[in-house]
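# Inside the fold
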Amino acid sequence: RSVNIVAFGNERDGCSEDNQQPSLIWSYLGRSALISQIDSSLSASHVGNPVFTEYQACVFGNVRLVVHDCPVWDIFDSDWYTSCRLIGGADIIVIKYSVNDKTSFQELKDSYVPMVKKALNHCSVPVIISAIGARKNGVPCTCPLCTSDRRSCVTTSEGVQLAKELGATYLELHTLNDFYIQKYFGGVLEYFMIQSLNQKSSEKMKKRKKTQKCHRVQPPQLEQPEKMPILKGEASHYNADLHNLLCGCQCADVAFYPEDLSTAVEAHKIVLCSVSHLFMLLFGVKSPSDAHDTSVVQLAQSLFAVQGGDPFPSSPRGVPPCVPPVRVVVKDSVFGSCLPDILHFIYSGAFQWERLEEDIRKKLKDPDKTEHVLEKVKCILKTPGKLNTVKDCKSHQLKRLYNTSLRLFFNTPVLADVIFKIQGATVPAHRAVLVARCEVMAAMFNGNYLEANSIQVPVYGVSKDTFLSFLEYLYTDSCCPASILQAMSLLICAEMYQVMRLQHICELYIITQLQSMPSRELASTSLSIVSLLKKAKFHNSDCLSTWLLHFIATNYLIFSQKPEFQELSVEERNFVEMHRWPSNLYLKQLADYRNYIHSQKCHCTVM
């Protein structure tokens, strides 16, 4: 017997510096008298960002307790399949939040509660919502990208309303002491544990009674099909790609100089303009007349001067690769000395504000100058008409903002310096983004190839729509195929340009769509699974081709009746026959059972 609990959310205040405070789940496991033999293990999607901690223990003496504690909601964004699997196997769900973190609560309510509802899919799983902490006045934010107001707390009525939406039990735990942990939270949790165990025992008893009713020879038992191989998603390296672009100084089209022109710091217009309206003004993407905030124009004129005349160039169009980078003089010497650190901050995704503060403080060693530079950075990153801060924003929120900003330059001639010619159409793009995100294009544009010195680059072997979807992924780190065939075309394009993460995303999409297809639709569809298998093998998609072979074997009775089944190679046919479901042995046993029933001239209770 076992009970599975899944806990989501972070009970710690986002403004608190006490990161060593034990979690609600760990506190309960450590203090409850009913818990014994606690063991824990850490599961991570990538180094430094644990997705969930798994605890195993014993409760009520001999009942196995398995708890998955997910402190961040990122798992819904990065790995939807794991999220659904955890919720689908849960007997109890616990949702935690801090009453002093209004931003996280609002994000939970707007973004993640609908996802939890979708994953539950009308299942009657008990949900406990735990509001943790004593309400207090927060400290106002001072950083430039955050739009939250941390001076307000989450009220009881807001928590109760959220519980009503989920049909959940609402608890307020003012502190994680023995009373709130053992008697209050523990009492409710243990009540639901007992309910879950009673329900499982009842279902088991019903199955046993049903089995005992039949005293005749039992029909053969049909075993479950073999488990198909599981494809694991690859963590995003979007911000790392852009940061490496800055470090490598590839395709730089702008160089910042101090007033004495002694040193140069190279950068890329497309990245700078994606995060700042000030740089849009500086490089001619926007004109001063379009600026809604005159302070941005004044700051641009006081900080920078584009060498060679007009501080605001009128044409943002791309220039041939042979043209040297645009020279920009930094008028503020203190700001200029910190420009390399500021660029690293921007290229890293613009969310490591504390690190930027520390780097500038160490370099200048003057509080007034440090404050001066940081205020300039805030003004540069400020969105006109909005109060923006950086310091307290969550990294995944800013990542979405950052991607959306680069999306503005997808498939537009603004700042474009390369044009792809495909199927009689033209598609503008930016070498800096292509080189940063795709190693094949980096070699193509930086090596001894014709494309390195060409504005127009022809593309063969792929359709315009597929290539646009490929470029959209490079710019935004996301893709959304419209069908299985489009996903396969995008997978082929990703393999052509060696973008492995996009290839894995397409593989997961194809697998998910086929898994959700009912048997009747699978039998009548014109989609050739064998053709998908051949393409997957030809384009080195080993994980997908292996999965498709298992899929054909698992649905043997459907595919063996289709003409495409004859197109399988001898090796593939042998694999399918070996792993087919139902097996030949089962079909033989079933035929023998039917003959027995017929010979006994009695009514079959199963067939």
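The following paragraphs examine the structure supplied in this document. (Residues numbered from 1 in each chain as written. Predicted model: local features only at pLDDT ≥ 70, side-chain atom pairs only at ≥ 80, totals over all residues. Heavy atoms only, no water.)

## So, the side chain of Lys 562
Within the secondary structure, Lys 562 sits in the loop between helix 24 (556-559) and helix 25 (570-579). Of the buried charged residues, Lys 562 lacks a salt bridge, with Glu 564 as the closest side chain of opposite charge at 4.6 Å. Side-chain polar atoms of Lys 562 contact the backbone oxygen of Thr 525, separated by 3.5 Å. For Lys 562, the contacting residues outside a window of four places in its chain are Leu 522, Ala 523 and Thr 525. (Helix = DSSP H or I, 4+ residues; strand = E, 2+ residues; numbered from the N terminus. Buried < 20%, exposed > 50% of the residue type's maximum accessible area, 1.4 Å probe, protein only. Lys, Arg positive; Asp, Glu negative; His and termini not counted. Salt bridge = Lys/Arg side-chain N within 4 Å of Asp/Glu carboxyl O. Polar contact = N/O pair within 3.5 Å; in protein donor to acceptor, adjacent residues only side chain to side chain. Contact = heavy atoms within 4.5 Å.)

## Describing the nonpolar core
Ranked by internal contacts, the top residues of the largest apolar core, which has 111 residues, are Phe 256, Phe 420, Phe 467 and Phe 470. For this core, the leading source of residues is helix 19 (residues 484-496), giving eight residues. Residues contacting Phe 420, with those up to four places away along its chain left out, are Ala 425, Thr 426, Val 427, Ala 429, Leu 434, Met 441, Phe 445, Val 457, Val 459, Phe 467 and Leu 471. (Core = buried A, V, L, I, M, F, W, Y, C linked by side-chain atoms within 4.5 Å.)

## Things to note about the sheet that holds strand 14 (residues 456-458)
With respect to topology, three strands assemble into an open sheet ordered 13-12-14, the strand pairing being mixed. Strand pairing shows two members of the sheet lacking a second neighbour, strand 13 (425-429) and strand 14, which therefore form its edges. Strand-to-strand twist in this sheet, taken as the mean axis angle between neighbours without regard to direction, amounts to 30°. Bridging between strand 12 (residues 418-422) and strand 13 involves five bridges; their strand directions are antiparallel. Of the residues in strand 13, the one forming a bridge with Lys 421 is Thr 426. (Pairing = 2+ DSSP bridges. Axes fitted to C-alpha atoms, helices over the stretch in contact; angles between N-to-C directions.)

## Some words on the environment of Asp 341
Within the element layout of this structure, Asp 341 appears in helix 12 (residues 339-347). Judged by its relative accessible area of 19%, Asp 341 is buried. Spatially, the C-alpha atom of Asp 341 lies 9.6 Å from that of Glu 357, the residues being 16 residues apart in sequence. Sequence-distant contacts of Asp 341, defined by excluding residues within four places in its chain, comprise Leu 356, Asp 359 and Lys 363. A polar contact is formed between the side chain of Asp 341 and the side chain of Lys 363, at a distance of 2.8 Å.

## A word on the packing of aromatic side chains
Taken as a whole and judged by the stated rule, the model has 20 aromatic pairs. Where Phe 179 meets Tyr 180, the ring centres are 5.2 Å apart and the plane angle is 80°; that geometry is what we call edge-to-face. The buried category is assigned to Tyr 180, whose relative accessible area is 16%. Geometrically, the ring pair formed by Phe 420 and Phe 467 is edge-to-face, given 5.0 Å between the ring centres and 70° between the ring planes. Of this pair, Phe 420 sits in strand 12 while Phe 467 sits in helix 18 (residues 464-476); the two residues are 47 residues apart in sequence, bridging distant segments of the chain. The pair formed by Phe 420 and Phe 467 is uniform in burial state, with each residue classed as buried. A network of ring pairs unites the aromatic residues Phe 256, Phe 279, Phe 283, Phe 304 and Phe 335 as a single cluster. A cation over an aromatic ring shows up here: Arg 327 above the ring of Tyr 257, its NZ or CZ 4.9 Å from the ring centre. We note Arg 437 situated over the ring of Tyr 473; from NZ or CZ to the ring centre the distance is 5.1 Å. (Phe/Tyr/Trp six-rings, centres within 6.5 Å; stacked < 30°, edge-to-face > 60°. Lys NZ or Arg CZ within 6 Å of the ring centre and 35° of its normal.)

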